[in-house]
Amino acid sequence: MPENSTEVTAAGIARLAGVGRAAVSNWRRRHADFPKPVGGTETSPSFALSEVERWLRDQGKLAEVPLRERVWQQVAGHPAGAVPALVHTGCALLLLRTSPKAWPEIAAAPDERMADVLSLALDKVLTARFGPATEDGRAVHTAEDGRAVHTAEDGRAVHTAEDGRAVHTPSGTELLPSVPLLRAVAELAAGTGAGAGTGTGETFEFLLGRQLDANPRQYTLTPPELAELMAALVEAGERPARAVLDPAAGTGALLRAVADPAALYAQETDPDLAALTALRLALRTDTGCALAARTADTLRADAFPQLAADAVLCHPPFNERNWGHDELAYDPRWEYGFPARTESELAWVQHALAHLREGGTAVLLMPPAAASRRSGRRIRADLLRRGALRAVIALPAGAAPPYGIPLHLWVLRKPGSGTHPAPELLLVDTAEPAETPSGGQASATGGRDRLDWQAVHGAVLDAWQSFESPGRPAADRPGTGRAVPVIELLDDDVDLAPARHLPPPAAAGGPGELIRVRERLAETLGRTGALTPPAVTLSDPAHWPLTTVGELARAGALQLRTGGSGTGPGPVLTEHDVLGSTAPSGSLPTDGPSEEPVLVEPGDVVVPVLGGGSAARVVDDATAGAALGRNLQLLRPDPAALDPWFLAGFLRGTANNRQASSYASTATRLDARRLQLPRLPLAEQQRYGERFRALAEFEDALRLAGRLGGQLVQGMYDGLTDGTVAPK
């Protein structure tokens with residue numbers, strides 16, 4: 001096997017063939033000619049990708065590996081690791097984007113020659129985009145805008161000792177193992193875009209997204225919907241956000257969300273992330289946007305000490321004790337007070353303010369404790385007195401990691417020398433559960449798939465724009481937003497948590513809302529009574545001939561599809577929607593190469609594959625057209641052979657689910673192919689299907705009654721305790 005041959009794990013083989021990992025293990029045991037491991041460990045071996053592809057084709061298990069899957073496997077199995085492979089990929093895509101005519105000549109050379117020529121070409125491209133590198137690899141930049149870039153008197157950029165260009169030029173020796181990958185990447189980009197270079201950004205987003213998904217514990221991600229909201233808040237400021245800084249850039253999600261920037265500045269401690277972010281932004285923006293990405297510890301070694309940006313976006317690390325408290329006691333950035341060792345987030349707040357021009361806006365994602373910890377009350381008080389803190393916005397749980405708590409957004413404004421402190425602070429609370437289209441409530445403790453981002457964006461931006469409108473007082477939104485006089489907040493605690501100063505939505509609706517909830521509950525309870533199943537008729541256990549879903553799929557009586565892929569607009573049916581019998585609440589990513597999602601149709605049966613519980617949902621006309629979400633499997637029966645309600649009903653049997661479930665690490669996983677069904681004529685299936693449909697309607701009514709009952713009880717408690725409901 002060649003030294004630079006790509007390797008693939010059993011999980012990668014399963015993805016290539018569209019099967020589970022258990023099938024790959026079975027192939028290894030049953031087929032003596034299955035490729036032998038070439039690397040990895042005894043418990044997690046790796047195999048040569050070329051040998052695996054050849055074996056799969058010979059066995060008729062693979063007609064052709066999709067190009068995008070081949071490219072990803074080459075990235076994942078790169079001898080130097082996935083991150084160096086992605087950096088090389090990003091560099092090549094940047095060359096392809098800026099000099100598309102040069103690529104065919106470079107790619108026509110033999111591998112070693114191509115690597116050497118490509119290194120020289122990349123050096124020119126990287127220098128043009130990120131500035132020239134010094135002998136020690138650090139970048140030297142010429143300032144083009146004295147307002148936006150920190151400069152010395154001679155017009156050249158001033159850098160700290162730790163500063164350096166985030167993307168170094170790979171040598172020919174470094175590039176040689178990546179040559180087959182880069183040829184395939186260029187082919188993928190050409191097939192993705194409508195013209196020369198147009199698919200480069202989409203290709204890099206796809207590969208980077210795969211890397212992030214494959215290593216969820218290695219990266220702290222900012223969801224794109226949240227990044228868009230934060231960018232929208234700074235863009236709604238007094239002046240356009242042309243020069244934007246992210247001092248904790250991570251994967252570059254926040255800067256990527258900025259619309260039409262003139263200059264982007266990123267600093268990141270991790271050199272790998274800094275390089276990926278620099279390339280991601282370079283492939284996202286045109287050459288008219290100045291880019292500077294630096295690798296250094298931001299609080300200890302500021303790479304842009306004189307920068308005065310129009311806006312700062314930041315998702316800082318939370319709860320850090322080792323942030324430089326002992327070394328930075330006399331740092332000039334602590335204009336509002338020296339943060340305690342436990343208040344690293346307030347250090348990031350002041351770092352952001354220090355890098356804003358007068359009137360500039362910063363938006364930071366903060367843990368909720370930062371709004372109320374006693375150790376930070378003096379700094380919070382000074383931020384309020386001087387008008388630097390303009391809004392605190394509570395987000396729903398699941399908006400960003402850690403997904404279990406409702407995080408906050410802090411909106412700050414750099415006070416001007418001739419301006420008066422703002423008399424009010426905007427408090428917005430979107431953390432309460434919102435009513436779902438089915439009339440119930442979406443849990444605030446759920447994951448990101450359950451958030452109605454459109455509603456969150458609307459509530460936050462409406463409140464902020466109203467608050468910022470000159471000459472018009474901010475309209476209070478009961479239970480959601482309120483402009484609170486600063487004097488009311490300057491007490492001993494300076495507690496800025498929105499929930500402490502806003503009434504809950506149920507109480508804000510007043511007794512009239514409780515009356516409506518009670519009327520709906522009475523109506524639902526009446527319907528529940530009418531749907532109660534009739535008296536049970538007992539009989540001896542049936543001894544039907546059985547078949548499995550897998551056998552039915554092989555016979556063509558149904559199709560099996562798995563969700564979780566695809567891009568584009570449109571709602572997504574999530575596992576929480578299936579379990580809660582609610583309308584589709586998720587959304588598809590809009591970035592990356594286009595991939596057709598699995599769309600549900602009327603009569604489809606959808607089952608969750610994780611959790612070990614029994615659930616099955618028959619898709620109706622209202623749900624049809626939604627994309628199938630992650631951790632869901634779709635069974636599409638042939639109506640001439642299977643009744644969908646009969647299928648869904650028998651899939652929910654407890655014994656059926658137990659025998660078809662297995663354990664995958666700490667979770668129970670359902671193998672839908674092992675679920676059993678009795679062999680019955682279609683007419684008999686339909687008789688059972690009618691009963692299963694009636695049970696599903698009864699279950700939905702019970703679920704809605706429970707939600708309305710809980711809402712009514714809590715509303716009564718709130719009304720009685722605040723005096724809006726009389727104890728008659």
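Residues numbered from 1 in each chain as written. Predicted model: local features only at pLDDT ≥ 70, side-chain atom pairs only at ≥ 80, totals over all residues. Heavy atoms only, no water.

> Where do I start with the overall build of the protein chain in this structure?
Check the secondary structure of the protein chain and you find 25 helices and 23 strands. Buried residues in the protein chain amount to 50% of all 728 residues. Taking all contacts inside the protein chain whose residues are at least 6 apart in sequence as the whole, residues at least 24 apart take part in 73%. Carbon and sulfur atoms provide 51% of the accessible area of the protein chain, an area that totals close to 34,100 Å². (Helix = DSSP H or I, 4+ residues; strand = E, 2+ residues; numbered from the N terminus. Buried < 20%, exposed > 50% of the residue type's maximum accessible area, 1.4 Å probe, protein only. Contact = heavy atoms within 4.5 Å. Areas by Shrake-Rupley, 256 points an atom, 1.4 Å probe, with all protein chains shown as cover.)

> Any chance you could explain the packing of helix α5 (residues 82-98) against helix α13 (residues 271-284) here in plain terms?
For any two helices packed against each other, one specifies the crossing angle of their axes together with the interaxial distance. Between α5 and α13, the shortest axis-to-axis distance is 10 Å and the interhelical angle comes to 25°. In terms of orientation, α5 and α13 fall into the roughly parallel class. Classified by chirality, the crossing of α13 by α5 is left-handed. Residues V83, L86, V87, G90, C91, L93, L94 and R97 of α5 touch α13, and the partners they reach there are D272, A275, L276, L279, A282, L283 and R284. Grouping the constituent residues of the contact of α5 with α13 by class yields eleven nonpolar, one polar and three charged. (Axes fitted to C-alpha atoms, helices over the stretch in contact; angles between N-to-C directions. Parallel < 35°, antiparallel > 145°, perpendicular 65-115°, else oblique. Left-handed = near helix turned anticlockwise from the far one by under 90°. Nonpolar A, V, L, I, M, F, W, Y, C, P; charged D, E, K, R; others polar.)

> Would you mind going over the sheet that holds strand β2 (residues 39-40) with me for this structure?
Pairing between sheet strands relies on hydrogen bonds along the backbone, with the strands arranged either parallel or antiparallel. With antiparallel pairing, the three strands of this open sheet are ordered in space as β1-β3-β2. Looking at which strands have only one partner, the edges of the open sheet turn out to be β1 (7-9) and β2. Here three bridges tie β1 to strand β3 (residues 45-48), and the two strands are oriented antiparallel to one another. Bridge pairing links E7 to A48 in β3. Set on the sheet, helix α1 (residues 10-17) makes contact with β1 and β3; between it and β1 the angle comes to about 85°. (Pairing = 2+ DSSP bridges.)

> Is there a simple way to think about the nonpolar core in this case?
As a rule of thumb, soluble globular proteins bury nonpolar side chains together. Ranked by internal contacts, the top residues of the largest apolar core, which has 95 residues, are W103, V167 and L409. Here the element with the most residues in this core is α5; it accounts for eleven residues. Membership of the second largest hydrophobic core comes to 45 residues, among which are A292, L356, A381 and L412. (Core = buried A, V, L, I, M, F, W, Y, C linked by side-chain atoms within 4.5 Å.)

> How do you make sense of the sheet that holds strand β7 (residues 309-314) when you look at a structure like this?
Read across the sheet, nine strands follow the order β6-β5-β4-β7-β8-β10-β9-β11-β12 without closing on themselves; strand pairing throughout is mixed. Each edge of the sheet is formed by a strand with only one pairing partner; in this case those strands are β6 (290-295) and β12 (481-485). Within this sheet the neighbouring strands show an average axis-to-axis angle of 15°, counted without direction. Note that strand β5 (residues 263-268) and β6 share six bridges and pair parallel. Pairing of A266 across the sheet is with A293, part of β6. Strands β7, β8 (356-366), β9 (389-394) and β10 (408-413) of the sheet are contacted by helix α11 (residues 224-235), whose axis makes an angle of about 160° with β8. In the packing of helix α14 (residues 344-354) onto the sheet, the strands contacted are β7, β8 and β10, and the crossing angle to β8 comes to about 155°.

> I'm lost on the pattern of salt bridges in this one. Help?
Note that side chains of opposite charge can pair when their charged atoms are close. What the rule picks out here adds up to 28 salt bridges. When the shortest N-O distance is used, the salt bridge between R386 and E335 registers 2.5 Å. Separated by 51 residues along the polypeptide, R386 in the loop between α15 (377-385) and β9 and E335 in the loop between β7 and α14 bring together distant segments of the chain. A relative accessible area of 32% means that R386 is categorised as partly exposed. The closest approach of N and O atoms between D382 and R386, which form a salt bridge, is 3.8 Å. Taken together, the salt bridges that share partners define one network made up of R652, E699, D700 and R703. (Salt bridge = Lys/Arg side-chain N within 4 Å of Asp/Glu carboxyl O.)

> Honestly, the pairing of strand β17 (residues 605-608) in this entry has me stumped. Any pointers?
The side chains of a regular strand alternate between the sheet's two faces. Residue alternation in β17 divides its side chains into two sets, V605 and V607 and V606 and P608, and both sets are buried. Of the strand pairs in this sheet, β17 and strand β18 (residues 617-618) are connected by two bridges, and their pairing is antiparallel. The residue bridging V606 from the neighbouring strand is R617, located in β18. In this structure, β17 lies alongside strand β20 (residues 632-637), joined through four bridges in antiparallel fashion.

> Would you mind showing me how to read the side chain of T285 here?
As for its position among the elements, T285 is in the loop between α13 and β6. Engagement of the side chain of T285 in a polar contact is seen with the backbone oxygen of L281, the distance being 2.8 Å. (Polar contact = N/O pair within 3.5 Å; in protein donor to acceptor, adjacent residues only side chain to side chain.)

> Could you clarify how one ought to interpret the layout of surface pockets in this entry?
Here the idea is plain: a probe the size of a water molecule rolls over the atoms and shows the empty space left. When its volume is computed, the second largest pocket comes out at roughly 1,100 Å³. Going through the elements one at a time, α20 (510-531), α22 (575-580), β18, α23 (644-651) and α25 (682-722) are the ones with two or more residues in the lining of the second largest pocket. For the lining of the second largest pocket, the leading source of residues is α25, giving twelve residues. Looking at side-chain class alone, the lining of the second largest pocket contains 19 nonpolar, nine polar and 13 charged residues. (1 Å grid on protein atoms, 1.4 Å probe; cavity = no way out; pocket = protein on both sides within 12 Å on 5 of 7 lines; lining within 4 Å. Points joined across faces, edges and corners; volume = space filled by probe spheres on them.)

> Explain the side chain of H315 here, please?
With respect to the element layout, H315 can be found in the loop between β7 and α14. A distance of 2.7 Å separates the side chain of H315 from the side chain of T222, its partner in a polar contact. Dropping the residues within four chain positions of it, H315 is found in contact with T220, L221, T222, A248, L254, L365 and P401.

> Teacher, can you tell me more about unusual backbone geometry here?
Comment: phi is negative for the bulk of residues other than glycine, and the bulk of peptide bonds are trans. A cis amide bond links P401 with the next residue in sequence, P402, at an omega value of -5°. Looking at where P402 falls in the secondary structure, it is placed in the loop between β9 and β10. The backbone phi angle of V494 is positive, close to 50°, even though this residue is not glycine. Positionally, V494 belongs in the loop between α17 (486-489) and α18 (498-501). Relative accessible area serves as the criterion here: at 3%, V494 is assigned to the buried category. Unusually for a residue other than glycine, S581 sits at a positive phi of about 55°.

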